[in-house]
Amino acid sequence: MTRRPGFLVYGLLGAFVLGSVFPLYWSFVIGSVTSRRAIETPPPLLPGGHFLENAQRVFNRIDFWSALGNSIIVSSVAAISVVLFATLAGYAFAKLSFRGSNALMVFVVLTMAIPPQLALIPLLKEFSNLGLTGTRFAVVLPWLVTAFGVFFMRQYLSTAIPDELIDAARVDGCSMIRTFWTVALPAARPAMAILGLFTFMQAWTDFMWPLLILQGSDVQTLQTALDQLKIAPGHGLSDMALLQAGTILATVPLLLLFIATGRHLVTGIMQGAVKG
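In this text the structure is predicted, and so the values were computed from the model without any measurement.

Asks: Looking at this structure, I do not really get the overall build of the protein chain. What am I missing?
Replies: Tallying secondary structure elements over the protein chain gives 13 helices and zero strands in all. By its C-alpha atoms, the protein chain is 75 × 65 × 30 Å across when sized along the principal axes. Across the 276 residues that make up the protein chain, the buried fraction comes to 35%. Of all intrachain contacts in the protein chain linking residues separated by at least 6 positions in sequence, the fraction that spans at least 24 positions is 72%. Just so you have it, the protein chain exposes about 16900 Å², and 68% of that area is on carbon and sulfur atoms. If you average the places of the 17 positive and of the 12 negative side-chain charges in the protein chain, the two averages end up 7 Å apart.

Asks: Would you take a moment to explain the pattern of salt bridges for this structure?
Replies: When the charged atoms of two side chains lie near each other, side chains of opposite charge can form a pair. Within this structure, the stated rule accounts for three salt bridges. With a shortest N-O distance of 2.9 Å, D239 and R57 are connected by a salt bridge. Of this pair, D239 sits in the loop between α12 (222–227) and α13 (240–273) while R57 sits in helix α3 (residues 51–61), placing them 182 residues apart in sequence. Residue D239 is classed as buried on the basis of its relative accessible area, which comes to 10%. Classification of R57 by relative accessible area gives partly exposed; the value is 26%. Between D163 and K95 there is a salt bridge whose closest N-O contact spans 2.8 Å. Here D163 is found in helix α9 (residues 163–171), whereas its partner K95 is found in helix α4 (residues 64–95), with 68 residues between them in sequence.

Asks: What is the right way to read the layout of surface pockets from this model?
Replies: If you add up the space inside the largest pocket, you get close to 920 Å³. Around the largest pocket sit 27 residues that line it, and P116, P142, W143, V145 and T146 are the ones nearest its centre. Elements that contribute at least two residues to the lining of the largest pocket include exactly α4, α5 (101–111), α6 (120–130), α8 (147–160), α10 (176–205) and α11 (208–213). At four residues, the largest contribution of residues to the lining of the largest pocket is made by α10. Each residue belonging to the lining of the largest pocket can be placed in one class, and the counts come to 21 nonpolar, five polar and one charged.

Asks: Any chance you could explain the environment of A38 here in plain terms?
Replies: Mapped onto the elements of the fold, A38 is located in helix α2 (residues 35–38). For A38, a relative accessible area of 12% corresponds to the buried category. With sequence-adjacent residues up to four places away left out, A38 is seen in contact with I30, V33, M240 and A241.

Asks: It is not clear to me how the packing of α4 against α8 should be interpreted in this structure. Could you clarify?
Replies: In a pair of packed helices, the angle between the axes and the distance between the axes together describe the arrangement. Interhelical geometry of α4 versus α8 gives an angle of 50 degrees and a closest axis separation of 7 Å. Taken as axis vectors, α4 and α8 run oblique relative to one another. Considering only the axes of α4 and α8, their crossing is right-handed. The segment α4 lies against α8, with A86, T87, A89, G90, Y91, F93, A94 and K95 engaging G149, V150, M153, R154, L157 and S158.

Asks: Please clarify how unusual backbone geometry should be interpreted in this entry.
Replies: Negative phi values dominate among residues other than glycine, just as trans dominates among peptide bonds. Note the cis peptide between T41 and P42, where omega equals 0 degrees. By the secondary structure assignment, P42 is in the loop between α2 and α3.

Asks: Would you take a moment to explain the packing of α8 against α10 for this structure?
Replies: Relative orientation of the contacting elements α8 and α10 amounts to 140 degrees, with a least axis distance of 10 Å. Of the possible angle classes, the one that applies to α8 and α10 is oblique. As for the relative orientation of α8 and α10, their crossing is right-handed in sense. In contact with F148, G149, F152, M153, Y156, L157 and A160 of α8, α10 contributes A184, A187, A188, P190, A191, M192, I194 and L195. Along the lines of polarity and charge, the residues of the contact of α8 with α10 split into 14 nonpolar, one polar and no charged.

Asks: Please explain the nonpolar core as it appears in this structure.
Replies: A general tendency of soluble globular proteins is for nonpolar side chains to be buried together. Core analysis: the largest hydrophobic core is formed by 23 residues, its most contacted members being Y91, V150, M153, L157, I161, M192 and L195. Taken together, the elements giving at least two residues each to this core come down to α4, α5, α8, α9 and α10. The residues contacting L157, other than those within four sequence positions of it, are T87, G90, Y91, A94, K95, A184 and A188. Core analysis: the second largest hydrophobic core is formed by 21 residues, F51, W204, A245 and L254 among them.

Asks: I'm lost on the side chain of T224 in this one. Help?
Replies: The topology assignment puts T224 in helix α12. One polar contact links T224 to Q220, side chain to side chain, over a distance of 2.7 Å. Among residues more than four places away in sequence, those in contact with T224 are F207, P210 and L211.

Calculation criteria
Every chain is numbered on its own, with residues counted from 1 as its sequence reads. The predicted origin of the model limits local features to residues at a pLDDT of at least 70 and limits the giving and counting of side-chain atom pairs to 80 or more, whereas totals for whole chains, interfaces and linings rest on all residues. Computation of side-chain values covers all heavy atoms of the structure but excludes hydrogens and water. In this text, helices come from DSSP runs of H or I with a minimum length of four residues, and strands from runs of E with a minimum of two, each type numbered from the N-terminal end. Working definition: with a 1.4 Å probe on protein chains only, accessible area under 20% of the residue-type maximum means buried, over 50% means exposed, and in between means partly exposed. Here, residues are in contact when the closest pair of their heavy atoms is within 4.5 Å. Computed with a 1.4 Å probe, the accessible areas rest on the Shrake-Rupley method; for each residue, only the protein chains presented here act as cover. In this tally, Asp and Glu contribute negative charge and Lys and Arg positive charge; neither His nor the terminal groups of the chain are included. Where a charge sits is defined by one atom per residue type, namely NZ (Lys), CZ (Arg), CG (Asp) or CD (Glu). By salt bridge we mean one thing: a side-chain nitrogen of Lys or Arg within 4 Å of a carboxyl oxygen of Asp or Glu. Only protein atoms enter the 1 Å grid, on which a cavity is a set of points fitting a 1.4 Å probe that cannot get out and a pocket is an open set with protein on both sides within 12 Å along at least 5 of 7 lines, lining residues being those with an atom within 4 Å of a point. Grid points are joined across faces, edges and corners, and a volume is the space filled by probe spheres set on the points. Each residue receives one of three labels: charged for Asp, Glu, Lys and Arg, nonpolar for Ala, Val, Leu, Ile, Met, Phe, Trp, Tyr, Cys and Pro, and polar for the others, Gly being one of them. Working convention: axes come from line fits to C-alpha atoms, limited for helices to the stretch in contact. Angles between N-to-C directions cover 0 to 180 degrees. For classification purposes, an angle smaller than 35 degrees is called roughly parallel, one larger than 145 roughly antiparallel, one from 65 to 115 roughly perpendicular, and anything else oblique. It is the rotation of the near helix from the far one that decides the hand of a crossing: anticlockwise by less than a right angle makes it left-handed, clockwise makes it right-handed. Put simply, buried Ala, Val, Leu, Ile, Met, Phe, Trp, Tyr and Cys residues joined by side-chain atoms within 4.5 Å make one nonpolar core. Nitrogen and oxygen atoms within 3.5 Å of one another constitute a polar contact, given that in protein one can donate a hydrogen and the other can accept it, and given that sequence-neighbouring residues count only through two side-chain atoms.

It is worth stressing that arrangement in space is one thing and function is another; only the former is reported here.
Okay, structure coming up:
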């Protein structure tokens, strides 16, 4: 007989869930009170009734809808591109034999050890020389493919696709591209969904690179637009209620995305885990 999880397991899971949800709840609490109440001691513990008012102030201070559209475009293009190129490269590393594949894979993995902050200034200088600063293309270009995506898909495809299945497709006369399309792609869908979601989330929350490349431009992503809320006009102090209301508005699309795709992600993971 299988043992049911005990009180300790449920207690740890409950503490983990509360710890994960509390920052979002706290942001909503601060975003739903007045600016004065947000900085008072003791801090508020329950939501107030001013969230819609603070949200309207956010819309008045920044071009929220334009920034939202730019973030959707950048994040969607990044997710699609990373999934496409990482799946192709991961399949090549996992199932194709070519000279230097192991050394090249090691090089790809080693690039993940380099802090991305080291590349910001060289990239900014190069993009400036090419005249690409201040454009959506400049924001999304570094996201077109990632070393982690290649490594992740390589690790997944190396065990998800039996070599015998690829050999059978080749015996039936399938070309390399058709073998990838009919054999590798269906098996890779669970990992592609996870990679696409994580890439979308990373591109959505990215702040440093858009802040540098879009500086002084009318084109803004949602994160750089929200940065303009940190200084309140007139007295130069941070308006915490306004800032947290904007943060909640920027988080809502991600929550909707998780709600819409959560069931499909779980189903895909379970299907990918079934062998035989």
